[in-house]
Amino acid sequence: MSTPHHPVAIVGAGLGGLTLARVLRVHGVEATVFDLDVSATARTQGGMLDIHDDSGQPALRAAGLYDAFLAHVHPGGQATRVLDKEARVLLDVPDDGAGGRPEIDRGDLRRLLTGSLPQGAIRWGAKVTGARPLGDGRHEVTLEDGGSFTTDLLVGADGAWSRVRSLVSDARPAYTGVSFVEADLPDADVRHPVSAEVVGGGMLFALGAGRGFLAHRESDGSLHVYTALEAPEEWLDGIDFTDAEAAKRAVLDHFGDWDKSLRALVADAEGPLVPRRIHALPVGHRWDRTPGVTLLGDAAHLMSPFAGEGANLALIDGADLGLALVAHPGDTEAAVAAYEEKMFPRAERSAADSAAGGALLFRADAPQGLVDMFTATGPEVSGAAPSA
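Everything numeric here is computed off the predicted structure, so don't read it as measured data.

1. Let's talk about the overall build of the protein chain
Scanning the protein chain for helices and strands turns up 12 helices and 16 strands. A globule of 388 residues ought to have a C-alpha radius of gyration of about 21 Å, and the protein chain, at 21 Å, matches this closely. Based on the C-alpha atoms only, the size of the protein chain along its principal axes is roughly 65 × 45 × 35 Å. Within the protein chain, buried positions represent 55% of all 388 residues. Relative to all contacts within the protein chain whose residues are 6 or more apart in sequence, the contacts with residues 24 or more apart total 72%. Across the protein chain, the mean location of the 33 positive side-chain charges is 2 Å away from that of the 55 negative side-chain charges.

2. Topic: the sheet that holds strand β13 (residues 211-217)
Sheet architecture is open: seven strands sit in the order β5-β4-β12-β13-β14-β11-β15, paired in mixed fashion. Each edge of the open sheet carries a strand with a single partner, namely β5 (89-93) and β15 (270-280). Taking each pair of neighbouring strands and ignoring which way they run, the sheet shows an average axis angle of 15°. Across seven bridges, the pairing between strand β11 (residues 174-185) and β15 is antiparallel. Counterpart to Glu182 in the pairing with β15 is Val274.

3. Considering the confidence of the model for the protein chain
Summing up the model confidence of the protein chain, the mean pLDDT is 93 and the portion of residues at 70 or higher is 95%. For residues 381-385, every residue scores under 50 in pLDDT, and the model assigns this stretch 18 contacts once sequence neighbours within four places are set aside.

4. Quick look at the environment of Gly322
Looking at the secondary structure, you find Gly322 in helix α10 (residues 310-327). Once the C-alpha coordinates of Gly322 and Tyr339 are considered, the two residues, 17 residues apart in sequence, prove to be 8.8 Å apart. In this view, Gly322 contacts Leu20, Val23 and Leu24; residues no more than four positions away in its chain are not counted.

5. A closer look at the environment of Leu185
Along the chain, the position of Leu185 falls in strand β11. For the pair Leu185 and Ala264, spaced 79 residues apart in sequence, the C-alpha separation works out to 9.9 Å. When residues no more than four places from it in sequence are discounted, the contact partners of Leu185 are His192, Ser195, Ser222, Leu223, Val225, Ala264, Leu265, Asp268 and Ala269.

6. Comments concerning the environment of Leu262
If you trace the backbone, Leu262 turns up in helix α8 (residues 260-267). Using a relative accessible area of 0% as the deciding quantity, one classes Leu262 as buried. Beyond its immediate stretch of four places on either side in the chain, Leu262 contacts Leu83, Asp84, Lys85, Ala87, Val198, Ala206 and Phe213.

7. Quick notes on unusual backbone geometry
With omega at 10°, the peptide bond leading from Ala366 into Pro367 counts as cis. In this fold, Pro367 is placed in the loop between α11 (332-361) and α12 (368-377). A positive phi angle is found at Ala87, which is not glycine, with a value near 70°. Secondary-structure assignment places Ala87 in the loop between β4 (80-83) and β5. A positive phi angle, near 45°, is found at Asp187, a position not held by glycine. Mapped onto the elements of the fold, Asp187 is located in the loop between β11 and α5 (188-191). Under the relative-accessibility criterion, Asp187 is labelled partly exposed at 36%.

8. Points about the packing of α10 against α11
Orientation of α10 relative to α11, taken along the N-to-C sense of each, is 160°, at an axis distance of 8 Å. Taken together, the axis directions place α10 and α11 in an arrangement best described as roughly antiparallel. Between α10 and α11 lies a crossing of right-handed hand. Contacts between α10 and α11 involve Leu313, Ile316, Asp317, Asp320, Leu321, Ala324 and Leu325 from the former and Thr332, Ala335, Val336, Tyr339, Lys342, Met343, Arg346 and Ser350 from the latter. Its residues placed into classes, the contact of α10 with α11 shows nine nonpolar, two polar and four charged.

9. Things to note about the pattern of salt bridges
Under the defined criterion, the tally for this structure stands at 20 salt bridges. A salt bridge links Lys248 to Glu245, with the shortest nitrogen-to-oxygen separation between them at 3.3 Å. One end of the pair, Lys248, and the other, Glu245, are both in helix α7 (residues 244-252), three residues apart, so they sit about a helical turn from each other. The class for Glu245 is partly exposed, based on a relative accessible area of 43%. Across the pair Asp317 and Arg346 runs a salt bridge whose closest N-O atoms are separated by 2.9 Å. Of this pair, Asp317 sits in helix α10 while Arg346 sits in helix α11, placing them 29 residues apart in sequence. In this pair, the class of Asp317 matches that of Arg346, namely buried. A network of salt bridges, in which partner residues are shared, links Asp317, Asp320, Lys342 and Arg346.

10. As for α10
Taking 1.5 Å of rise per residue, 18 residues should cover 26 Å, and α10 covers 26 Å from first to last C-alpha, within 8% of that figure. Burial runs high along α10: 14 of the 18 residues are buried.

11. What to know about α12
Those residues of α12 not exposed but buried are Gly369, Leu370, Val371 and Phe374. Next to the buried residues of α12 lie β4, β5, β12 (203-208) and α11.

12. Describing the side chain of His74
Structurally, the position occupied by His74 is in the loop between α3 (66-70) and β4. In contact with His74, other than residues within four places in its own chain, are Met48, Glu103, Gly201, Arg217, Glu218 and Ser219.

Rules used in this analysis
- Residues numbered from 1 in each chain as written.
- Predicted model: local features only at pLDDT ≥ 70, side-chain atom pairs only at ≥ 80, totals over all residues.
- Heavy atoms only, no water.
- Helix = DSSP H or I, 4+ residues; strand = E, 2+ residues; numbered from the N terminus.
- Rg over C-alpha atoms; globule rule 2.2 N^0.38 Å.
- Buried < 20%, exposed > 50% of the residue type's maximum accessible area, 1.4 Å probe, protein only.
- Contact = heavy atoms within 4.5 Å.
- Lys, Arg positive; Asp, Glu negative; His and termini not counted.
- Charge placed at Lys NZ, Arg CZ, Asp CG, Glu CD.
- Pairing = 2+ DSSP bridges.
- Axes fitted to C-alpha atoms, helices over the stretch in contact; angles between N-to-C directions.
- pLDDT = per-residue confidence, 0-100.
- Parallel < 35°, antiparallel > 145°, perpendicular 65-115°, else oblique.
- Left-handed = near helix turned anticlockwise from the far one by under 90°.
- Nonpolar A, V, L, I, M, F, W, Y, C, P; charged D, E, K, R; others polar.
- Salt bridge = Lys/Arg side-chain N within 4 Å of Asp/Glu carboxyl O.
- Expected span 1.5 Å × (residues − 1).

Okay, structure coming up:
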């Protein structure tokens, strides 16, 4: 049997890879997406995303999905509250509907994108295990099931631990010094009214030196909580997350002098707690132009979530690459070079902002730094919210 050939092969059915495939489809260019998950619903998709008017929204316009996106926006989701560890409210900004960063559930956004592609455009259960150059920009890609295919353009949209990245760079994500423990409180207004009141209608920052609770209200009325702690990389290894109550105690040991209403964001959580170490690629990560391959999203510029840029960059990366390919028909190298010329400096700025945001959130006088920044710039442009 001959090896299948795909002119454009996208590894990873996250927001960036799907946006690229959709923009190409809008312009009559076929692309195939390969994803290791067995289906679009194999994993939960995280919490709320604020879609920025200078990146994510233009990407959705290019994909022809902007109006559909607006139909799924979470009213009130741009509200922002900042508390100290005694639960004193230092800043409370309502969502007046005039902001440029409307919130949408990540799952809703991904469903918009997957639903915009024809049957067969996404190959589910296709885990990429490696790739090798064949010359003239072509690559052969191998799959876990023993299959393989060739492609003229291989796009790594496969996230933090990208398999494709090694074709262009030897960089690997490094631990940032911050770990998250995620928790959920469903039907918060009825089942967890104290926590619902603390979080408010949108995003909560409750901060102290080296730690804090970051939380947001989701479109289904639940609360998603990120407990953040500056800690050694091995800290999470010492917690038994199969025992939810023991895990809660271990996490809350670091918040013993915090207000009871804030501790309840973890103490009253339902279901398992989920650990997550925060990793990042070096700020300014880039590579020399490599024929027939490029990266987008976290594969290209993984950063901490403290500027809320991750999903937005993935969206605009996918749109920009798709539009560049359309603008340079028959000249893939010129298209990819044009895309990378835009992507590299944009990603470097956002990665620097993300690193600075993390330092600001958890500095010794927290949350004063965040309050000062919001007071000076407003929550709308602060870039301090975590990306779900």
